[in-house]
Every structure is written in structure tokens, then in C-alpha cells.
Amino acid sequence: MRESQAASGLAEALRPGGVRADYQPLVDLETGQVLGYEALGRGPAGSPLSSPLDLLAAARPAGLLSEIDWAFRAAALRGALDADLGNGCTLFVNVEPDVAVGAPPEHAALLERAGAELRIVLEVTERAVISRPAELLRLVDWARDQSWGIALDDVGTNPLCLALMPFLEPDVIKLDLRIVQGRPTSEVGLIVSAVMAEAERSGATVVAEGIETEEHRQAALALGAVVGQGWLFAHPGPLPAPVQAAADTIPLLRVPGTPSEQTPFSVVRSARPMRRADKRLLLGIAMYLEEQATAWHDGPVILSTFEHQDEIDVATLKRYECLSGQGSLVIALGAGMAKEPAKGVVGAEIPLEHRLCREWSVVVVGPHYAGALVARQRTAAHDDWDFAVTHDRSLVVAAGRALLRHVAPDEQRLDEFNTSDPAG
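## Details of the overall build of the protein
Step number 1: On a plain count of helices and strands, the protein comes out with 15 helices and 15 strands.
Step number 2: When the backbone C-alpha atoms are referred to their principal axes, the protein occupies close to 70 × 45 × 40 Å.
Step number 3: Here the protein, with 424 residues, has 55% of them falling under the buried criterion.
Step number 4: Look at the contacts in the protein between residues 6 or more apart in sequence, and 71% of them connect residues 24 or more apart.
Step number 5: Accessible surface computed for the protein: about 18200 Å², of which carbon and sulfur atoms make up 52%.

Here it is in C-alpha cells:
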């Protein structure tokens, strides 16, 4: 597409009424009852940017991502309000996590009215979990403050994202259509097992996308989904008039927000007693936790803090490079940390004066395993540390979330960790 065409399409999209929303129902797979609608953005009709993906892709390099994303959000909310959707059905609205959470002035009144009259779930894609974790966590916190829900979309497109799913605590987990429509494989089994485990632990609702036939519906039920979406039930289009209020609703978990200033040590210290040890014992515990990542073949996340990159010895870098090569997402945080301190290892730089640089944390989270070591040196002059080890999943996830808030966005990260098509 020529640059002039992209500019023209963006300008057209930003005019009043330039974008619109179609709506597709989400239904109970057993009863067929409509429980909610997903708003699907549409670009200007007849434009080269009529596809919402093309429009967003053109908006990012042009510096107009926020404007286009908010135009889509506004169209979705305005259409639902005009149709008197009310709070009897749940409205799913797609958002880009790197767009500022606060509404621009021109949309503030609309957002306030929608918050009062609609039952809203913000839908984010699985790729954002890897590429923009800190921004995604800020979006999640903002949504929780509004008493809105969070849906994680396209789950299964990259198995590596499964271990990051608990950090978001989504109210709704949406299985990618390829999981439903594809043939069963061991990778599909891994994905389904992880999703079922998360849903069992948290109470999240599992939704299957891409249901086009009765066979797909039966497959979705077998995969653990209770709600479905697809052409078998309805194509995207205008909301019905009138909208029938659902007798049942998709439950929201009402997960409390977490303070952004927390560190792994402060998270665990508030719930577990501290012990004292020297660095030799802590290193042994850290290595044991890291070894658990190799024992579980489900791509766990490993997050570690260091005072400074210069403090990381060659053996540790080799270990982390090996763990990354085996399918884990390995993140090292510390002062002076390079973007990639070892091959495949994600680096996150933290100011030397930040209190995270005075802590030693190793956090390992997978779909079926969680463990963390948190430690803080008592005095800089002595090898004397306060520490705790926990396998309490909620504590481990909270400790890891405190570290993920410091990981800078990187759009190439997903491609670097991309794996094979799980549907075969």
C-alpha cells in the first residue's frame, strides 16, 4: 500500500463515523442462550484500510495508534448504548494495551456513561502478553478499577504465553479458532491442559472461537469451553433490536488490583516468615528452582533480579541461555542490563538506586508449577541475607507480576519466541 493511500485511509477513519462496530454473539454451548457480544471494529467501507488489522498496522508507524484505537472503542460503546444493550449482556471490547488507559477528553463522557450502563470486558490479544507485559498489566489494573473484566484472546497461538496467563488473571480465556478447528496434537493437549488448570484455579470462563459446525461445538465442549462464538450461531452484524437480557451472565472474578510499588521481597515478606543464610545456600536454592523449568516441558517463565549485569557470572548466563533454548521465557532484571544479556534471554534495565537492585529474586511460573526465592542482603559489607522460599502459587505469581511491571515493550520479542502452529 502506498504511503499516500495509508494517509488518506487514516484521515477518513478519524472523521466522525469513519469507523464502526459489528457485533457477534457469545452463546452458552449447552443451551444456545446469548450471554454477550463482541464488538468487532470495521474501518472505512471501500477504503484500503477497511480491515481493522490493516488500519491499526498503518496507524502505529504514523503515530495515530491511540486515536484509531479509541475511535474503535468509542464506536463499540456508542453502538451498544444506542441499542440499549444494558448490563444484562456482557460487551467485549478489543483494545491495544500500549494505548493510554485514560480516555481522551472527547471520549470521557462516553466512557463514563458506558461504565454506568454497560457490563464491559476488555479483550487483549495473547501476543501482547509477551511483547508488552508492563503496559498490559497497567491496562489490567485500570480495568479492575472500573469494575470491568479482562479477556485474553487467541490463546493457543503461542504456547509460551500459557505460563504468563496467571499474571493477568483473566476473567475470560478465549481459545484460538485453530485449537477448535484443527486436529488434536500433543501441543494442543498441552494448551488445553494449561487452560483447564488456570480455569479450575481461578474460575475463569473458557470461550471457544471459530465454531462454524456442530462438530466444532462438540469439540469445544470437549476442550473445556462453556461459551462459544462463531458462524454456527451468527455472523458479525448490527445488534438485534431489541436486545434480550440474558438470564445468565459470564461471571467476572472481581480480582483486586496490586500496588505497583511492590517488590518480590515485600510481597512474600507480608505472608511468610524470613530466614537468614549466606549466598552459598541461596545459590543452591536458586539453581534448584531453575532446574524445575527443565523438568516441566510447558515453557515456564523465569524471572531473576541482579544488582548489576556485571554481577552475573558466565555459568549463570550459560544456564539461562540453555533454559531459553529449551522453550522457557527467561527475563533478567538489573542495573546496566543489556536488552539481551545472553542469547534468547530478555533483559530489563532497572536504575541502580531502585530497591529491586538490592534484592535477589528467582521466580519460576509454569502452568503446573510455581516457586520463588526472594532475598535481601542485611548489610552490604556482610554475606548475610534475609530470605524465604515459597511454592504458594498466588504469592509466586504476585512476586513475578512485580517484576514484569519493569519489562520494556518489544514488538520483536514474540517473533523471537515463536513456536510451531499448535493445531498442526
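Alright, that's what it looks like, and here's the rest.
## Observations concerning the pattern of salt bridges
Step number 1: The final tally for this structure, using the stated rule, is 21 salt bridges.
Step number 2: Its salt-bridge partner being Asp22, residue Arg20 comes within 2.7 Å of it at the nearest N-O pair.
Step number 3: On the accessibility criterion, Arg20 (42% relative accessible area) is partly exposed.
Step number 4: Because the salt bridges share partners, they merge into one network encompassing Glu38, Glu123, Lys174 and Glu209.

## Describing the environment of Arg401
Step number 1: The residue Arg401 is located in helix 14 (residues 393-404) in this model.
Step number 2: In sequence terms Arg401 and Thr263 are 138 residues apart; their C-alpha atoms lie 8.9 Å from each other.
Step number 3: Reaching out from Arg401, the side chain makes a polar contact with the side chain of Glu169 at a distance of 3.0 Å.

## Some points on the sheet that holds strand 3 (residues 90-94)
Step number 1: Strand order in this closed barrel of 8 strands is 1-2-3-4-5-6-7-8, and the pairing throughout is mixed.
Step number 2: Relative to strand 5 (residues 149-155), strand 4 (residues 119-125) is paired through 5 bridges, and the arrangement is parallel. By the bridge assignment, Val121 is partnered in strand 5 with Gly149.

## Brief notes about unusual backbone geometry
Step number 1: Here the amide bond leading from Ala241 into Pro242 is cis, since omega sits at -5°, within 30 degrees of zero.
Step number 2: Inspection of the secondary structure assignment puts Pro242 in the loop between strand 8 (227-228) and helix 11 (264-269).
Step number 3: Positive phi, close to 65°, is recorded for Ser147, a residue that is not glycine.
Step number 4: For Asp154, which is not glycine, the phi torsion reads 60° and is therefore positive.
Step number 5: Tracing the chain through its elements places Asp154 in strand 5.
Step number 6: Overall, Asp154 belongs to the partly exposed group, its relative accessible area being 22%.

## Things to note about helix 14
Step number 1: When the terminal C-alpha atoms of helix 14 are compared, their 16 Å separation across 12 residues agrees well with the 16 Å that a helix rising 1.5 Å per residue should span.
Step number 2: Burial analysis of helix 14 places 11 of its 12 residues in the buried class, which makes it a mostly covered element.
Step number 3: Within helix 14, the full set of buried residues consists of Arg393, Leu395, Val396, Val397, Ala398, Ala399, Gly400, Arg401, Ala402, Leu403 and Leu404.

## Observations regarding the environment of Val180
Step number 1: The residue Val180 is located in helix 8 (residues 177-181) in this model.
Step number 2: Residue Val180 is classed as buried on the basis of its relative accessible area of 5%.
Step number 3: Through-space distance from the C-alpha of Val180 to that of Ala194 is 15 Å; in sequence the pair is 14 residues apart.
Step number 4: Aside from chain neighbours lying at most four places away, what touches Val180 is Ala208, Glu209, Ile211, His216, Ala219 and Leu223.

## A short note on the packing of helix 3 (residues 65-82) against helix 4 (residues 105-117)
Step number 1: Interhelical geometry of helix 3 versus helix 4 gives an angle of 45° and a closest axis separation of 10 Å. Taken together, helix 3 and helix 4 sit at an angle that is classed as oblique. When the axes of helix 3 and helix 4 are compared, the crossing they make is left-handed. Of the residues in helix 4, those in contact with Trp70, Ala74, Leu77, Arg78 and Leu81 of helix 3 are His107, Leu110, Leu111, Arg113, Ala114 and Glu117.
Step number 2: Considered class by class, the residues forming the contact of helix 3 with helix 4 number 7 nonpolar, 1 polar and 3 charged.

About the cut-offs
- Residues numbered from 1 in each chain as written.
- Predicted model: local features only at pLDDT ≥ 70, side-chain atom pairs only at ≥ 80, totals over all residues.
- Heavy atoms only, no water.
- Helix = DSSP H or I, 4+ residues; strand = E, 2+ residues; numbered from the N terminus.
- Buried < 20%, exposed > 50% of the residue type's maximum accessible area, 1.4 Å probe, protein only.
- Contact = heavy atoms within 4.5 Å.
- Areas by Shrake-Rupley, 256 points an atom, 1.4 Å probe, with all protein chains shown as cover.
- Salt bridge = Lys/Arg side-chain N within 4 Å of Asp/Glu carboxyl O.
- Polar contact = N/O pair within 3.5 Å; in protein donor to acceptor, adjacent residues only side chain to side chain.
- Pairing = 2+ DSSP bridges.
- Expected span 1.5 Å × (residues − 1).
- Axes fitted to C-alpha atoms, helices over the stretch in contact; angles between N-to-C directions.
- Parallel < 35°, antiparallel > 145°, perpendicular 65-115°, else oblique.
- Left-handed = near helix turned anticlockwise from the far one by under 90°.
- Nonpolar A, V, L, I, M, F, W, Y, C, P; charged D, E, K, R; others polar.

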